[in-house]
Amino acid sequence: MRAVLVGNQNCGKSTLFNILTGSNQKIGNWPGVTVSKKTGIIKDMEIELIDLPGIYSLYPYSLEEKITYGFLMNEEYDLIINIVDSTCIERGLFLTTELLELGKKVIVVLNMVDKLKEKGIEIKIDRLKENLKIDICLVSASRGSGIIDLLKTIKTNINNNLRINKDILNRFSKENEIVLRYKKVDNICKSCIRHIKKRKEVNEFIDKIVLNKILAIPIFFTIMFGMYYISIEIFGQIFADSLEKIIIDSKAFIEVTLKQINVYDWIISLLCDGVITGVGSVLSFLPQLTVVFLVTSFLEICGYMARVSFIFDKLLKKIGLSGKSLIPFILGTGCSASGIISTKIVENEEDRITSVITVPFIPCSAKLPIITLFTKYFFKNNYALIAISFYVLSIIIVICSAIIINKIILKRKEELYVFELPEYKFPKIKFLYKDVKQKILEFFNKAGTTIFIASLVIWFLLSFSTNFEYGVDIQNSILACLGRKISWIFEPIIGVKSWQASVSAIQGIIAKEQVISSMEIISGLSNNHIDTYKIFDEIGSFNFFNKASAYSFVAFNLFTAPCIVAISAMAKEIKNLKIFILSVVYQLVLGWGLSVILYNILSRQIF
Amino acid sequence: MRLSELKLNTYAIILFINIPNLKSRIRILEMGLTPGTIIKKTKKAPFGDPIGLTLRGYELCISKKETSYILVEVIK
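Each chain has its residues counted from 1, running along the sequence as written. Chain letters start at A and ligand numbers start at 1, both assigned in the order the entries are written. Only residues with pLDDT of 70 or above have their local features reported here, since the model is predicted, and side-chain atom pairs are shown and tallied only from 80 upward, although totals for entire chains, interfaces and linings are computed over all residues. Computation of side-chain values covers all heavy atoms of the structure but excludes hydrogens and water.

Caption draft 1: Up close: unusual backbone geometry. Of note, the bond from Asp49(B) into Pro50(B) is cis; its omega dihedral lies within 30 degrees of zero at 5°. The numbering of helices and of strands both runs from the N terminus, where a helix is a DSSP run of H or I of at least 4 residues and a strand a run of E of at least 2. Examined against the element boundaries, Pro50(B) turns out to sit in the loop between strand 2 (38–44) and strand 3 (51–55). Positioned with a positive phi, Met112(A) is a non-glycine residue whose angle comes to about 60°. Turning to its location among the elements, Met112(A) is positioned in the loop between strand 6 (106–111) and helix 4 (116–119). Only protein chains enter the accessibility calculation, which uses a 1.4 Å probe. A residue is then buried if its area is under 20% of the maximum for its type, exposed if over 50%, and partly exposed in between. Residue classification places Met112(A) among the buried residues on the basis of a relative accessible area of 12%. Backbone geometry places Lys380(A), a non-glycine residue, at a positive phi of 35°. Here Lys380(A) is to be found in the loop between helix 16 (368–379) and helix 17 (383–409).

Right under this line is the structure:
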């Protein structure tokens, strides 16, 4: 038996879904698209529950609504559980009356009943039941009340003998039908709902400040700066320092202990440089991602995110992004992976995917040392200007990519701009905790394994020669051999065939910081970052770089596909394999193509 | 008058929805902006667009362009 959860956005559907299914949930994605599909089993019953994307009516407008509509019309299910926000019932019942005409069994769940008293709304349930002729449950998903009654109602109503009445479908899209339907809903509400007192104006007060012409943008940037600072500077730093200490200590411990019992060198290296380093690189992202999940979750539940949309949509819609996309971009200046993950807050799928693909083009903090190293050496006093030019270039690339993705690939036409501004509410700590915990585990489960395996692979390629001899110089390693074989790919960017540059760029796949570390190791320098500039000197391993190739090489590292953590985040957010592969290919091609063009232009100029 | 011309914090009743695009028109109606509905213009974004309205117990944001196609009459 199967039931579906249908209702408007913002009516507490996900909370109810979580309560009904507990931990028996599975999150996948709807076939062919990037929208997540939540299915679960209702506790203690053998009933499958599917959480369908929020809809306002049975006339699908957006991508997500088309999914719900398609499912309701074409798939097998035995009960429609229609959730309605009881504090906003005049609009919610519109969908309810349409669902009732479909022909399948429907029950209505009035959610957020705990708020009715404070809003001075009184609903005569019996009269409503008479009018609609179906079972109605009163529930507060956030408080967990009314659930037992709901479970009983589900059990008694589920019926697999009813079929969809497909003839009525055209009626849903006729204008006069819609107006008549609302008149009907109005009549029902008049007889069943009473407003005892006027609605409180707390929301209006907060919005007056938060959306004030002068204060809105400063308040936004203060919140953003706060989130950024707390996540990356404070938590990130504290955690990074303790993590580094743990890593150094455990590496030393293992080295000493295993050397004593004469374990092979390569096994010691595997454990230290491979496993521990790999685990360390995964864990190093933990603090900032936790804070990103926490703060974006909090802001979304409390309702502030909708206000961000309200402020910035006009500006960003012009290039096919949502106002909320601004947040991933700002977070992306610190860490691309954080930025990509925060795109969860963008509800419009097409805006969201565009954001996911374009966020990595903004230089993250790990790419900054690459910019500094090359620009300081080659452009001396003008290095700041050149460095800024990369940021300007990144914004141009983001805008152009967004326009390409929207106009050419997705072929989006001008869409109607209309959305609901939810009321402010204070998130329940328990729910926030569960939500963040689930997201962290999800991310590290999939991404963690990928990152870990990738680190091991690179360790292997660097530590062994092609004869599988351990402990060779980097120029004899398998990676260097690989670098030589593919150095032709980088030749159009830097003007020469160099395995050193190829290897360094490849190591950037693990983490962009590793590009510089790799260049230092190849040059035989220690990791203290003091003499790094020497690699470009006449006797250095990278003496073939000039201004043009330096700029182009930096451009390649900045604008090609991001590090593996960010790529894992992309995979997780895009969900659809085909689109994910296309996105990464797009980034690779753009990074390569752009730097080739740059090199060709710059090497002919005064540069 | 057009909804776009309505002053902030005034109540009005919807007379007519004149949006040229059929899909948009249907959508607007489905969100509850039907002739005869009482609305209140509550907010305007810092850049002037979009605007916020309260109706049927909730708050709706809509772009200024669409509001120029909606005819309303001010009420007390």
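And the narrative resumes.
Caption draft 2: How the structure looks around the sheet that holds strand 2 of chain B. Strands qualify as paired when DSSP identifies two bridges or more between them. With antiparallel pairing, 6 strands are arranged side by side in an open sheet as 10(A)-4(B)-3(B)-2(B)-1(B)-5(B). Strand pairing shows two members of the sheet lacking a second neighbour, strand 10 (418–421) of chain A together with strand 5 (70–75) of chain B, which therefore form its edges. Strand-to-strand, the axes of this sheet are offset by a mean angle of 40°, without reference to chain direction. Inspection of the sheet shows strand 2 of chain B paired to strand 3 of chain B by 4 bridges, in the antiparallel sense. Note on strand 3 of chain B: the bridge partner recorded for Lys40(B) is Thr54(B). Every residue pair with non-hydrogen atoms within 4.5 Å of one another is taken to be in contact. Working convention: axes come from line fits to C-alpha atoms, limited for helices to the stretch in contact. Angles between N-to-C directions cover 0 to 180 degrees. Helix 12 (residues 304–317) of chain A contacts strand 10 of chain A together with strand 2, strand 3 and strand 4 (58–62) of chain B of the sheet and is inclined by roughly 140° relative to strand 10 of chain A.

Caption draft 3: Highlighting the pattern of salt bridges. Residues and elements named next belong to chain A. Definition used for salt bridges: Asp or Glu carboxyl oxygen within 4 Å of a side-chain nitrogen of Lys or Arg. On inspection of all chains with the given rule, the structure shows 28 salt bridges over all chains. One salt bridge connects glutamate 349 with arginine 352, and the closest N-O pair in it is separated by 3.1 Å. Here arginine 352 and glutamate 349 lie together in helix 15 (residues 349–358), a separation of 3 residues that amounts to about one turn. We note a salt bridge from lysine 497 to glutamate 491, for which the minimum N-O separation is 3.4 Å.

Caption draft 4: Layout of the interface of chain B and chain A. In this complex, chain B contributes 35 residues to the contact, which on the side of chain A involves 35 residues. A simple way to read buried area is as the amount of 1.4 Å-probe accessible surface that goes missing from two parts once joined, with both sides added. For the chain B face of the interface with chain A, the top three residues by lost area are Arg27(B), Glu30(B) and Arg56(B), together amounting to 22%. If you look at where chain B meets chain A, you find 5 salt bridges. The residue Asp207(A) makes a salt bridge to Lys43(B) at a minimum N-O spacing of 2.7 Å. For the purposes of these results, a polar contact is taken to be a pair of N or O atoms within 3.5 Å, where, inside protein, one atom must be able to donate a hydrogen and its partner to accept one; residues adjacent in sequence count only when each atom of the pair is a side-chain atom. In this structure, the connection of chain B to chain A is made through 10 residue pairs in polar contact (both at pLDDT 80 or more). Those elements that provide at least two residues to the side of chain B that touches chain A are helix 1 (22–30), strand 2, strand 3, strand 4 and helix 2 (64–67) of chain B. Of all the elements, helix 1 of chain B adds the most residues to the side of chain B that touches chain A, at 9 residues.

Caption draft 5: Focus on the confidence of the model for chain B. pLDDT expresses how confident the predictor is about each individual residue, on a scale running from 0 to 100. Per-residue pLDDT for chain B averages 91, and the proportion of residues at 70 or more is 100%. In the predicted assembly, ipTM is 0.94 and pTM is 0.84.

Caption draft 6: Looking closely at the sheet that holds strand 4 (residues 48–51) of chain A. All names here are of chain A. Overall, mixed pairing links the 7 strands, which are arranged 2-3-4-1-5-6-8 in an open sheet. The outermost strands of the open sheet, each flanked by one partner alone, are strand 2 (25–29) and strand 8 (136–138). Neighbour-to-neighbour, the strand axes of the sheet open up by a mean angle of 25°, direction not taken into account. Pairing geometry for strand 2 and strand 3 (residues 36–41), over 5 bridges, is antiparallel. Within the sheet, the bridge partner assigned to lysine 26 lies in strand 3 and is threonine 39. Along the sheet, helix 5 (residues 125–132) contacts strand 6 and strand 8; its crossing angle with strand 8, the most-contacted strand, is approximately 150°.

Caption draft 7: Representation of the packing of helix 20 (residues 487–494) of chain A against helix 25 (residues 577–604) of chain A in the model. All names here are of chain A. Running from N to C, helix 20 and helix 25 point in directions that differ by 45°, and their axes come no closer than 7 Å. Accordingly, the angle class assigned to the pair helix 20 and helix 25 is oblique. Two secondary-structure elements touch here, helix 20 through Ile489, Pro492, Ile493 and Ile494 and helix 25 through Trp592, Ser595, Val596 and Tyr599. When residues are sorted by character, Ala, Val, Leu, Ile, Met, Phe, Trp, Tyr, Cys and Pro go into the nonpolar class, Asp, Glu, Lys and Arg into the charged class, and all the rest, Gly among them, into the polar class. Class assignment of the residues belonging to the contact of helix 20 with helix 25 gives a composition of 7 nonpolar, 1 polar and no charged. In these notes the angle categories are as follows: under 35 degrees is roughly parallel, over 145 is roughly antiparallel, 65 to 115 is roughly perpendicular, and the rest is oblique.

Caption draft 8: Representation of the pairing of strand 4 of chain B in the model. By the criterion of burial, strand 4 of chain B is predominantly enclosed, with 5 of the 5 residues buried. Where burial is concerned, the two faces of strand 4 of chain B agree: the one with Tyr58(B), Leu60(B) and Ile62(B) and the one with Glu59(B) and Cys61(B) are both buried. For strand 10 of chain A and strand 4 of chain B, the ladder comprises 4 bridges, and the chain directions are antiparallel. Residue Leu421(A) lies in a different strand from strand 4 of chain B, and its bridge partner there is Glu59(B). Here strand 3 of chain B runs beside strand 4 of chain B; their pairing, made up of 5 bridges, is antiparallel. Within strand 4 of chain B, the position partnered with Ile51(B) by the bridge is Ile62(B). Hairpin connection, strand 3 of chain B to strand 4 of chain B: the antiparallel pair is bridged by 2 residues, and Arg56(B) has positive phi, about 45°.

Caption draft 9: Here's a closer look at helix 5 of chain A. Residues and elements named next belong to chain A. Those residues of helix 5 not exposed but buried are Ile125, Leu128 and Leu132. End-on view of helix 5: buried residues confined to an arc of 60°, all on one side of the axis. Facing away from the buried side of helix 5 by more than 90 degrees, the exposed set consists of Asp126 and Glu130. One or two steps after helix 5, the chain reaches lysine 133, where phi turns positive at roughly 65°. The directions considered for the arc are those from the helix axis to the C-beta atoms.

Caption draft 10: Region of the structure containing helix 11 (residues 286–302) of chain A. All names here are of chain A. The first and last C-alpha atoms of helix 11 sit 24 Å apart over 17 residues, in line with the 24 Å expected at 1.5 Å per residue. Buried residues of helix 11: Pro287, Gln288, Leu289, Val291, Val292, Phe293, Thr296, Ser297, Leu299 and Cys302, and no others. Tucked into the core, helix 11 has its buried residues touching helix 9 (216–260), helix 10 (265–283), helix 12, helix 13 (326–332), helix 14 (336–341) and helix 18 (429–463). Glycine 303, located one to two residues past helix 11, shows a positive phi value of around 105°. Take the number of residues in a helix, subtract one, and multiply by 1.5 Å to get its expected span.

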